[in-house]
Amino acid sequence: MQCSDFLCPSVDNSSVQRRFLGLASCSIRDLLRSKQPHSCLSLRAMDGASDAGEVRASRLQMEDERFEGPEHKCPALCDSLHGCVHDRENSPAMRAVLCAQVCKLYRFQTEDQRWLLVREQLSETPLSFSLPKRLLSILIHEHSSRVQDVKELSDLPLHWDGLRRDVLGHCNHLISCYQETLAELHQLSALACFKSSSSRSDRHLQFAPTNLHSQRMEVTSPDSPGVWYEIITFGAPADHHQSFKHGGLKRLLSKHAPHSHSSASFSRAECSRARALLSSMAQLQPLVFGLAEELLSVSLEQKATSLQRVLDSLTQQTELFIEELQDELVKRALLAAHSRFPASVHNHSNGSVCDATAAAQEQQPSPHDYGEEEWDRTWTNVGKILSCIIAMVKRLQERENRPQALMASEQQEAPGETGSEQQEAHGETGSEQQEAPGETGSQGAVSPCFSTCASSWQEQLLPLVVTLRDCVREAVDQARAAMTFVVLQAAVGLTVGQGPAHVVQRRHAVFSQALSAVVCGFVLKLHGSLEDRDFLQQLHSVGVLAQFESLLSTSGDELGMLEDMEVGVADLSEVTFSITEAKTEEAGDLLPTLSGTWGSLVVNVPVPPEDFVSLPQELKGSLIRLHPVHFNIGINQQQSLAERFGDSSLQERVNQENYERLKTYCTALRHRLPALPGIQALPDLLLSLDRTVDSRKRKNVEVLWLAALVCRTVNGVRLTSCKSAKDRTAMSVTLEQCVILRERHALGRQHFTSALDCMRRDGCRMDNVQKNIGSRKFAFSSVQLLTFPKLYRPPDGSYG
């Protein structure tokens, strides 16, 4: 422990001035082990050499008679406190995620006249900026990739090209904004790891959570070692920069819902598959065409072995081509494209709109009549004409091996045997067949009947090869149009389909704030429970619960904040955690990172190598699901007005829906881990919470108490918010801490109110107020407090 900055007040009564006297340091262990109740410490001046006087430090005097005699337990209590502080707080993992700590120590009396030593700790976290920066980098990369995808699409019909321009404009706007925000965060995070409430509307800080802190309490008694309780506090995740004139995310997304559902739905995986198919067809089509031309060239030599070698290669590549065409995604995309943009698909499958000739269009099936059989006929034609070519080569080879006398009659017979099959495939390809012969010169005029008696091998193969090229070209054109549709519609659905750029940006910013807070809570919960096998099994079996508590009113700007927070918390359900092994124990290697894409983000949480080795094998590398729930009860004067003259239906709906989600999680937990400690109490707790949520009682803060109790029962992450996490949040977390002391550590009921007032007047939350606004006063007025529930009112002198 260092006792520094001993200051002396000036004798000038007109103003209070202070000057530095010196500093002193001592060990808490030595101080508390001392047999003397007081210790004198020498103050050293700034130069470290000269003395500046003395200061007397007094150790905690345990007054219970049970601490007297040879079995004195005070040293044991001190050892417990010292060991816990040293081992937990000074571990590399904790130092990596917590910084700028403020600590307060309390001594409270229990029901049986014993003493509790309570350590309250408030910490900032570098995650306030590190995670938003990582999220921004992922979003920039994701949108840049999408820009590249749609740019690489071939010439598009007019309407499709308009969609492409919309996607490019949307993505480029977000990329520009996010790059600017990321650059600003890089500069700011080098100086601080805290965003004050006064900066909540800063444009460059909209991705950073407001006033994010970990509020931790360690309780030590003579009979038990230190027990930690954590609450993450932060300003309600909301986009204050864009303000709330038109409402929050819930209202804005509802307003743009028709636009967001206007495009066909294709997943990211299907979009990736479509790009792979486009690439595959771009490679296979020239291979098939090239081998077909080589087959004609080799046929001039009339050598069976050479002809068979080329035919084998042609067969292999064509079969690969057919296999790609049989993908169900192609058929589904064609049907969707014809249903939505029949004319565009019709034209696009024949090249650009300008190049599509009227004759070719006449041969195409009617767009309105397009069905599955049309596409099936298209790709099966490729297989049929390949079979014709194989049969023809076989007959040519047989002819070479037979006596010359039989050649004339077989030449008359062979075309007739294969003619019907060839004509069937040829007839189904439409007018495109008539295009190809012109490309091969005068030989293209050969009749498909193949009735010439002394014709060469090339003359007999040519019509079949031309037909093959036509069938392949038609299949490629349709498949390319289908896959282009998938890529384009997936890009539309993930960009402009989500709403205007400012709504998407708002959603990303709100999510970023909520993500930073919940990751901080999970990391603290994990590092505090690495030796808890039940908790680790719970992570693997059902995932972790994150319970968000908010104290927002349902009127004015705070209604918009609640609408933002509802969506931000819900979006966290797509997040998973993965525990990884840290490369080193350096702080940078122990900070969580992000991977994946929007909608499927993975938070990688590194732990020191010695801790990773001890983890259950099934937890290593597996994904841990996050189950967020959110309960809100407004408690201020604005909520009084909303309940009397306005509307609190949003709060009622949020609480009811999230009760169902909480119940679902608890049911899964009871089913999979029935022996988990404390799980037997869940049915009764959930029943009480259900009744409380349904009661529609005004300012029914019991909803928050019961939800928090359920969360702690299932080892969940607790998070508390108000507008800026400064005043109402302080009332909530101090109340929760004192309730824990009363219910779990037998805090004397006659001391409950004094303990609550002490924490509010002199505790860490007052320091939080000061560093946010520069004043040690909660921002309440006496009139406002009359509308607050009694347990949420601060002591006299602590507000104003």
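From a predicted model like this one, the values you see are computed outputs, not experimental measurements.

An α-helical segment advances 3.6 residues per turn. Residues three or four places apart therefore align on the same side. With 24 residues, helix α22 (residues 649-672) extends 35 Å from end C-alpha to end C-alpha; this agrees with the ideal 34 Å at 1.5 Å per step. For α22, the full list of buried residues reads Leu 650, Gln 651, Val 654, Asn 655, Asn 658, Tyr 659, Leu 662, Tyr 665, Cys 666 and Leu 669.

Scanning all chains against the criterion turns up eight aromatic pairs. Through a chain of ring-to-ring contacts, the aromatic side chains of Phe 778, Phe 780 and Phe 788 assemble into a single cluster. Its end group placed over the ring of Trp 228, Arg 216 keeps NZ or CZ at 4.1 Å from the ring centre. Sitting over the face of the ring of Phe 289, Arg 469 holds its NZ or CZ atom 4.5 Å from the ring centroid.

The buried count for strand β9 (residues 544-550) comes to seven of seven residues, which makes it a mostly enclosed element. Taking every second residue as pointing to the same face, both faces of β9 are buried, with Val 544, Ala 546, Phe 548 and Ser 550 on one and Leu 545, Gln 547 and Glu 549 on the other. Where β9 and strand β13 (residues 624-632) come together, seven bridges link them in parallel fashion. Pairing of Ala 546 across the sheet is with Pro 628, part of β13. Pairing of β9 with strand β14 (residues 717-721) involves five bridges; the strand directions are parallel. The residue bridging Ala 546 from the neighbouring strand is Val 717, located in β14.

What follows is about the sheet that holds strand β6 (residues 115-124). Read from one edge of the open sheet, 10 strands run β5-β6-β7-β8-β14-β9-β13-β10-β12-β11, paired in mixed fashion. The open sheet has two free edges, formed respectively by β5 (99-109) and β11 (593-597), since each of these has just one partner strand. Along the sheet, successive strands turn relative to each other by an average axial angle of 25°, direction set aside. As paired strands, β11 and strand β12 (residues 600-607) are joined by five bridges and run antiparallel to one another.

Thresholds, definitions, all that
Residues numbered from 1 in each chain as written. Predicted model: local features only at pLDDT ≥ 70, side-chain atom pairs only at ≥ 80, totals over all residues. Heavy atoms only, no water. Helix = DSSP H or I, 4+ residues; strand = E, 2+ residues; numbered from the N terminus. Expected span 1.5 Å × (residues − 1). Buried < 20%, exposed > 50% of the residue type's maximum accessible area, 1.4 Å probe, protein only. Phe/Tyr/Trp six-rings, centres within 6.5 Å; stacked < 30°, edge-to-face > 60°. Lys NZ or Arg CZ within 6 Å of the ring centre and 35° of its normal. Pairing = 2+ DSSP bridges. Axes fitted to C-alpha atoms, helices over the stretch in contact; angles between N-to-C directions.

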